[in-house]
Amino acid sequence: MLYRWKVRSLKLPRLNLFWRRWRARKGDVLGSYDRLPEYVRRHAPGRSFADIGCMWGVNGEYAFIAEEAGATRVTAVDVFGPTPEFEEKHRAGGSRVEFVLGDITRADTLDQIGEVDVVFCAGVLYHHPSPFDVLVALRRICRETLILRTSTIPEVRGLPNAAVYFPMLDARSRELWNLKSLGLLHQAGISREFEPSAGYGNWFWGLTPSCLESLVKTAGFRVDFRAMEAFAHTVVCTAVTPALQHDLPDALSSRRLAAEISAAGIARPA
Ligand SMILES: C[S@@+](CC[C@H](N)C(=O)[O-])C[C@H]1O[C@@H](n2cnc3c(N)ncnc32)[C@H](O)[C@@H]1O
């Protein structure tokens, strides 16, 4: 109940502003969508760069910013496009940005992108039913730095790492996550009910920042910088370890493992 009140309050522009000022006074770095170019310009020079989910509403803008900032090779990836605006800017500027039509969770797309120094991914994670798979994919292509911004939900006091799965919520429950009061015109799967035909256009997950950061770490990144907003989170991370992967043993070691488990008597129906 208290949590619903907190979320509703943060959706009111004046209270949201008040919250931002309060957090800033406490020493937190406050984020905003408008700061993304700054992060790209800081990390792209002299590095290879990939923008995952580059197209909707921005027509590859962050890929072009990276190129202008001196990135050595730039790949722009999306599940649709390129848009005419992208192609026009590409032509007019003599750009060498390479567009890849692909889904970041598909192996053939990862092969096409290869490894890059800096991966930028904004506005994608909450649009996927399996955000961990997206993060693992980002880790596979990332040699050094990940710049990630995603929509989040406010922390649930006393319940770190909480998250909400949006599809199939009824209209009343969805209303809590409707951000039109903060200027979001349409959230597929929230403004109206889940639309299977919209695929990744739907909003799937409301991750709390703690849940997001835990997923990011499990995927093999260290969080070096975070900028918070009431309903979004930006992190700049370093690739430190391989992403979690459950290795499938070969048939022989698997039998040996199974025999050990049986002999130890540790396996009980859960
Ligand atoms: C909300 S838009 C964000 C656009 C831009 N990055 C920004 O921050 O303004 C999400 C973009 O990610 C793309 N996208 C969604 N799922 C994707 C996936 N699995 N692989 C690649 N791109 C994806 C969408 O087509 C869309 O262009």
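The rules we used
Within any chain, residue numbers begin from 1 and follow the written order of that chain's sequence. Per-residue local features are limited, in this predicted model, to residues with pLDDT of at least 70; the limit for side-chain atom pairs, both in listing and counting, is 80 or more; totals at the level of whole chains, interfaces and linings are taken over all residues. Only runs of H or I of at least four residues qualify as helices and only runs of E of at least two qualify as strands under DSSP, and these elements are numbered from the N terminus. Only C-alpha atoms enter the radius of gyration, while the globule expectation follows 2.2 Å times N to the 0.38, with N the number of residues. Exposure classification rests on a simple neighbour count of other C-beta atoms within 10 Å of a residue's own: a residue reaching 20 or more is buried, one at 12 or fewer is exposed, and one in between is partly exposed. C-beta atoms are placed from the backbone. Put simply, a nonpolar core is a cluster of buried Ala, Val, Leu, Ile, Met, Phe, Trp, Tyr and Cys residues tied together by C-beta atoms within 7 Å. Contact criterion: two residues are in contact if their C-beta atoms, reconstructed from the backbone, are within 7 Å. Note that the arc is computed from the directions linking the helix axis to the C-beta atoms. Think of each axis as a best-fit line through the C-alpha atoms, taken over the contacting stretch in the case of a helix, with angles from 0 to 180 degrees between the N-to-C directions. Put simply, a crossing is left-handed when the front helix is turned counterclockwise from the back one by less than a right angle, and right-handed when it is turned clockwise. Charged residues are taken to be Asp, Glu, Lys and Arg, nonpolar residues to be Ala, Val, Leu, Ile, Met, Phe, Trp, Tyr, Cys and Pro, and polar residues to be all remaining types, Gly included. Whether two strands pair comes down to DSSP finding at least two bridges between them. Handedness is read with the strands pointing away from the viewer; a crossover is right-handed when the path from the first strand over the helix to the second is clockwise.

Novice: How do you make sense of the overall build of the protein when you look at a structure like this?
Specialist: Secondary structure assignment for the protein yields 10 helices and nine strands. The C-alpha radius of gyration computed for the protein amounts to 21 Å, which stays within 12% of the reference 18 Å derived for 270 residues, consistent with globular compactness. The C-alpha extent of the protein, read off along each of the three principal axes, is 65 × 50 × 40 Å. Across the 270 residues in the protein, those meeting the buried criterion constitute 36%.

Novice: Help me understand the nonpolar core in this model?
Specialist: Across soluble globular proteins, nonpolar side chains show a tendency to be buried alongside one another. By size, the foremost hydrophobic cluster in this structure holds 58 residues, and its most contacted members are Val40, Phe49, Ala66, Val119, Phe120, Leu138 and Leu146. With residues up to four places along the chain from it excluded, the contact list for Ala66 reads Val40, Ala44, Phe49, Asp51, Ala71 and Val74.

Novice: Explain helix H3 (residues 36-43) to me, please; I cannot follow it from the model alone.
Specialist: What sets the pattern is the α-helix's 3.6 residues per turn: residues three or four places apart point alike. Where H3 is concerned, the buried positions are Leu36, Tyr39, Val40 and His43. Buried residues of H3 fall within an arc of 100° about the axis and therefore sit on the same side. The inward-facing, buried residues of H3 abut helix H4 (61-68), strand E4 (116-122), strand E5 (142-151) and strand E9 (232-239).

Novice: Would you explain the packing of H3 against H4 in this entry?
Specialist: For any two helices packed against each other, one specifies the inter-axial angle together with the distance between the axes. Relative orientation of the contacting elements H3 and H4 amounts to 35°, with a least axis distance of 9 Å. Seen from above, H3 lies across H4 with right-handed handedness. On H4, the residues touching Leu36, Pro37, Val40 and Arg41 of H3 are Tyr62, Ile65 and Ala66. Across the contact of H3 with H4, the residue classes tally to six nonpolar, no polar and one charged.

Novice: Got a minute to help me understand unusual backbone geometry in this structure?
Specialist: Excluding glycine, residues mostly carry a negative phi; peptide bonds, for their part, are mostly trans. Omega for the bond connecting Gly81 with Pro82 falls within 30 degrees of zero, at 5°, which places this linkage in the cis form. Summarising the element assignment, Pro82 is placed in the loop between strand E2 (73-78) and helix H5 (84-92). Of note in the backbone geometry, Met168 takes a positive phi value of approximately 80° without being a glycine. Note on placement: Met168 falls in the loop between strand E6 (163-165) and helix H8 (171-175).

Novice: Any chance you could explain the pairing of E2 here in plain terms?
Specialist: A regular strand places its side chains so that they alternate between the two faces of the sheet. For E2, the tally of buried residues reaches five of six residues, placing the bulk of the element in the interior. Looking at chain direction, strand E1 (residues 48-52) and E2 are connected through five bridges and run parallel. Looking across to E2, one finds that Ser48 is bridged to Arg73. Handedness of the crossover joining E1 and E2 through H4 is recorded here as right-handed. Direction of pairing for E2 relative to strand E3 (residues 98-101): parallel, over a ladder of four bridges. Residue pairing in the sheet places Thr75 in a bridge with Glu98 of E3. Handedness of the β-α-β unit built from E2, H5 and E3 comes out right-handed.

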